[in-house]
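Tertiary structure, described
Residue strings, one per chain:
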Amino acid sequence: MGKISLDERLKREKEKLHRLVEEAINNGIPIIQDEAVMTQNRKVDALVVRLQKELGHHMRRK
């Protein structure tokens, strides 16, 4: 299996987060109280930070 880009990984994880949020809303669960949503949100946040660092590093090298 090939390496997926950070952009693609972020896209997939954001889609998963959106599905979890939708599911929580449909089940009447406050998003902040849904551990699966919060865990996925932290995962997306970490990927965003990583992407920002990579982009910043790339821009400084120019």
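Quick look at the structure, then. (Residues numbered from 1 in each chain as written. Predicted model: local features only at pLDDT ≥ 70, side-chain atom pairs only at ≥ 80, totals over all residues. Heavy atoms only, no water.)

Regarding the environment of Asp45
- Structurally, the position occupied by Asp45 is in helix α2 (residues 35-61).
- The class of Asp45 is partly exposed, set by a relative accessible area of 40%.
- Separated by 32 residues in the primary sequence, Asp45 and Glu13 place their C-alpha atoms 9.9 Å from one another. (Helix = DSSP H or I, 4+ residues; strand = E, 2+ residues; numbered from the N terminus. Buried < 20%, exposed > 50% of the residue type's maximum accessible area, 1.4 Å probe, protein only.)

As for helix α1 (residues 6-26)
- Relative to the 30 Å expected for 21 residues at 1.5 Å per residue, α1 spans 30 Å between its end C-alpha atoms, a close match to the ideal helical length.
- When α1 is considered as a whole, its buried residues turn out to be Leu6, Leu10, Glu13, Leu17, Leu20 and Ala24. All buried residues of α1 fall inside an arc of 90° around its axis, so they share one side. Opposite its buried face, α1 presents the exposed residues Asp7, His18, Arg19, Glu22 and Asn26, each directed more than 90 degrees away.
- Phi turns positive, to about 70°, at Gly28, one or two residues after α1. (Expected span 1.5 Å × (residues − 1). Arc of directions from axis to C-beta.)

A word on the nonpolar core
- By size, the foremost hydrophobic cluster in this structure holds nine residues: Leu6, Leu10, Leu17, Leu20, Ala24, Val37, Val44, Leu47 and Leu51.
- Elements represented by at least two residues in this core include exactly α1 and α2.
- With five residues, α1 is the largest single contributor of residues to this core.
- Sequence-distant contacts of Val37, defined by excluding residues within four places in its chain, comprise Leu17, Leu20, Val21, Ala24 and Ile31. (Core = buried A, V, L, I, M, F, W, Y, C linked by side-chain atoms within 4.5 Å. Contact = heavy atoms within 4.5 Å.)

Considering the environment of Thr39
- With respect to the element layout, Thr39 can be found in helix α2.
- Classification of Thr39 by relative accessible area gives partly exposed; the value is 40%.
- Between the C-alpha atom of Thr39 and that of Leu17, which follows or precedes it by 22 residues, the distance is 9.2 Å.

Focus on the side chain of Asp34
- With respect to the helices, strands and loops of the structure, Asp34 is situated in the loop between α1 and α2.
- In this structure, Asp34 is buried with no salt-bridge partner, the nearest side chain bearing the opposite charge being Arg42 at 9.5 Å.
- With residues near it in sequence (within four places) discarded, Asp34 still touches Ala24 and Ile29. (Lys, Arg positive; Asp, Glu negative; His and termini not counted. Salt bridge = Lys/Arg side-chain N within 4 Å of Asp/Glu carboxyl O.)

Read these as spatial facts, not as claims about activity.
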